[in-house]
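If you want the building blocks of each chain, they are given just below.
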Number of protein chains: 2
Amino acid sequence: MSEYWSDGVAEIEPYVPGEQPRDQKYVKLNTNENPYPPSPKVLEAIKAAVDSSMRLYPDPTCEVLRTAIAARFSIPKTRIFMGNGSDEVLAFAFAAFLGHEEPLLCPDISYSFYPVYAKFFRLRCRTIAVKSDFSIPVDEFLIPNGGIVLANPNAPTGKFLPLDQIRRLLDYNLARKRVVLVDEAYVEFGGESASPLTAEYPNLLVVHTLSKSKSLAGLRVGFALGQEELIAGLERIKSSINSYTLDRLALAGATAAFADESYYRETRRKVLATRAWATERLEALGFIVLPSSANFVFISHKSLPAERIYAELKAKGILVRYFRKPRIDNYLRVSIGTDEEMKILIERLGEILG
Amino acid sequence: MSEYWSDGVAEIEPYVPGEQPRDQKYVKLNTNENPYPPSPKVLEAIKAAVDSSMRLYPDPTCEVLRTAIAARFSIPKTRIFMGNGSDEVLAFAFAAFLGHEEPLLCPDISYSFYPVYAKFFRLRCRTIAVKSDFSIPVDEFLIPNGGIVLANPNAPTGKFLPLDQIRRLLDYNLARKRVVLVDEAYVEFGGESASPLTAEYPNLLVVHTLSKSKSLAGLRVGFALGQEELIAGLERIKSSINSYTLDRLALAGATAAFADESYYRETRRKVLATRAWATERLEALGFIVLPSSANFVFISHKSLPAERIYAELKAKGILVRYFRKPRIDNYLRVSIGTDEEMKILIERLGEILG
């Protein structure tokens, strides 16, 4: 608390990201990074962009990158908004669409940045409790609202909500002119994207990131798909904060990532195979493993408390994510690493549980 | 206007950046980029960082970069806040410090993003008219306020306010626990930085960018210097929007930029020499040229309207900045390019005026 802060700044509750150890001595399974490097073509494209043109501002409209994404999703590039990671895109979407008299709705167990955005932009926010199996109680969202926010697949549970259920939310809110925001950070690891529904629903905004499936967490690129009215709303927010949020190298690398689909298909395949293998081994160790549609698993042990497992794994050089929060404080979120990393995890867990 | 937008989104007035032609066929003197490329060591450092670690999130605390900046400014690294360009840093500073009952104060002629931030964050804002010679009327700022914002040197005028005058603002506001925000985007081209005063004044925040003096507009790096209480306020805002605003390559390039001071001393010297030469030639063509402490000149012709000169220069392949705004609508802001670019400018102006 400082006397120099604006009124209200002491009350906001900033997001705390997962630990990012700088020495990298850990097996790092705590922030859902992809265990495989970006496509070599992406790295080449970035290197090729490192030249004297760095003295010039980047294209604030991200024209070339949006053209590449438009081709990938078969939509007009006018329906794409680019941001500095999907976190920034989400923040702008909260500001642009969720400020109404009725509260916005989001699940009580979901990405913990959502209530932070709501508090920061002074939006009324009501959480809806997920069911005991962590599935989304769609009926309970069908009430007057200032907008609905879902991660799909959800984090940290990994559960996917089928698109026919998303349609029910969209239909309800369409009649009331309210937005449904679907955060698809993990969709490429097992979900089905709602992106094609943007053609039908002017109230749908789908948010994507290149951090997970494109192995580019270090480059900071995210985007949103939606009809032009929504894109215009996001542009208004962006242009009230920072005209140039993506640098020249992020533009070059992200564009190249959309040109090497076969590379990323293969890394996804490997992540899913490892997830299947690791799930079996974790279950054999006495863990309950929620069925995951993401590049992580959400697990709970039948006898040993999650917080203790977290601490013992850290002591043994493995970082996983533990949330000291109601309902999930006996769970761990474990990112899917390489086969080798997951073997080390299983070994260490065997020692801890043994 | 859209029915899906949040209440108030239709009323905000987004910033419009200078034209960024993608084909680059123009002599581009409209957005104050440095005409010289970044240090070769910066480009090497970026290329060296393009590797498989791009799959990992960057360090959200920017530890290594802040250490480099701390050494350059001889201050503790705890007094440095990093952002995605100084525009983002300024936006966060407006939110963090300028929201009080009294209005924030800024000059009527200054960086046109300031009123945009104020409107977006719903801050009361009062503009103080600069004098007829565009100098800052310091006495008129010594009234109860929610914070004072100045660009120094000012944009688009290029005028520098000496530090003894900045001290008067700081002293007045210190007694009232209000912040003075000094935006020093252009200070390395002729001003004297207020940065050392941060040791004395807990109410001073000084904002810098690497876009101009470090020739890195394409990399998106800015930072603020201030005491720990102010830095903590900025961190709260950042962590309510986006945990990772600087990507791995921006961190690597910016760190290297602070290690090659001799290169940048030379490019600055060249810009200042060109500015002196161009000023003489512009005056010979009948322009009034405001004495500039920045990498641009603010000029007005005694007989031909600025808007017409702007349009004719554009038709001849030269972009300069024209602001259709009260008091400055007969001025042009012209970035200092290379000697060759400025010779082309002078030739074309000769044709237009001839």
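Now for a description of the structure that goes with this document. (Residues numbered from 1 in each chain as written. Chains lettered and ligands numbered in written order. Predicted model: local features only at pLDDT ≥ 70, side-chain atom pairs only at ≥ 80, totals over all residues. Heavy atoms only, no water.)

Attention now moves to the packing of helix 10 (residues 306–315) of chain A against helix 11 (residues 339–353) of chain A. The relative placement of two packed helices is expressed as an angle between their axes plus a distance between the axes. All names here are of chain A. Put simply, helix 10 and helix 11 touch, their axes get as near as 10 Å, and they point 120° apart. One finds that helix 10 runs oblique with respect to helix 11. The two elements helix 10 and helix 11 cross, and the hand of that crossing is right-handed. Seen from helix 10, the contacting residues are I309, E312 and L313; seen from helix 11, they are L345, R348, L349 and I352. (Axes fitted to C-alpha atoms, helices over the stretch in contact; angles between N-to-C directions. Helix = DSSP H or I, 4+ residues; strand = E, 2+ residues; numbered from the N terminus. Parallel < 35°, antiparallel > 145°, perpendicular 65-115°, else oblique. Left-handed = near helix turned anticlockwise from the far one by under 90°. Contact = heavy atoms within 4.5 Å.)

Looking now at the packing of helix 9 (residues 261–284) of chain A against helix 11 of chain A. Residues and elements named next belong to chain A. Where helix 9 contacts helix 11, the axes come no closer than 10 Å and their chain directions differ by 10°. It follows that helix 9 is roughly parallel to helix 11 by the angle criterion. Residues T274, W277, A278, R281 and L282 of helix 9 touch helix 11, and the partners they reach there are D339, M342, K343, I346 and L349. In terms of residue class, the contact of helix 9 with helix 11 is made up of six nonpolar, one polar and three charged. (Nonpolar A, V, L, I, M, F, W, Y, C, P; charged D, E, K, R; others polar.)

Attention now moves to the interface of chain B and chain A. At the junction of the two partners, chain B supplies 89 residues and chain A supplies 89 residues. The three residues of chain B that bury the most area against chain A are B:Y4, B:R55 and B:Y57, which together make up 13% of that side's buried surface. Here A:K177 ties to B:E3 by a salt bridge, and the two come within 3.2 Å at their closest N and O atoms. Viewed at the interface, chain A and chain B are joined by 48 residue pairs in polar contact (both at pLDDT 80 or more). At the level of elements, helix 1 (40–49), helix 3 (85–97), helix 4 (114–120), helix 6 (228–238) and helix 7 (248–257) of chain B are the ones that each hand at least two residues to the side of chain B that touches chain A. Here the element with the most residues in the side of chain B that touches chain A is helix 3 of chain B; it accounts for seven residues. Of the residues contributing to the side of chain B that touches chain A, the split by class is 46 nonpolar, 22 polar and 21 charged. (Buried area = accessible area lost by both parts, 1.4 Å probe. Salt bridge = Lys/Arg side-chain N within 4 Å of Asp/Glu carboxyl O. Polar contact = N/O pair within 3.5 Å; in protein donor to acceptor, adjacent residues only side chain to side chain.)

Residues and elements named next belong to chain A. Counting across every chain of the model gives 43 salt bridges over all chains. Residue R348 is joined to E351 by a salt bridge in which the shortest nitrogen-to-oxygen separation is 3.2 Å. Of the two residues, R348 and E351 are both situated in helix 11; the distance of three residues between them amounts to about one turn of the helix. Overall, E351 belongs to the partly exposed group, its relative accessible area being 43%. Linked by salt bridges that have partners in common, R72, E188, K214, E261 and R268 make up one network. (Buried < 20%, exposed > 50% of the residue type's maximum accessible area, 1.4 Å probe, protein only.)

Residues and elements named next belong to chain A. Burial of the side chains of strand 13 (residues 332–335) extends over both faces: L332 and V334 are buried on one face and R333 and S335 on the other. The sheet contact formed by strand 12 (residues 321–322) and strand 13 spans two bridges and is antiparallel. By the bridge assignment for strand 13, R321 is matched with R333. (Pairing = 2+ DSSP bridges.)

In this section: unusual backbone geometry. Cis geometry is found at the peptide bond from A:N152 to A:P153, where omega equals -5°. When you line up the elements, A:P153 lands in the loop between strand 5 (148–151) and helix 6 (163–175). Located in the positive-phi region is A:R122, a residue other than glycine, with phi close to 55°. One can find A:R122 in the loop between helix 4 (114–120) and strand 4 (125–128). Owing to a relative accessible area of 66%, A:R122 belongs among the exposed residues under this scheme. Despite not being glycine, B:F134 shows a phi value in the positive range, around 70°.

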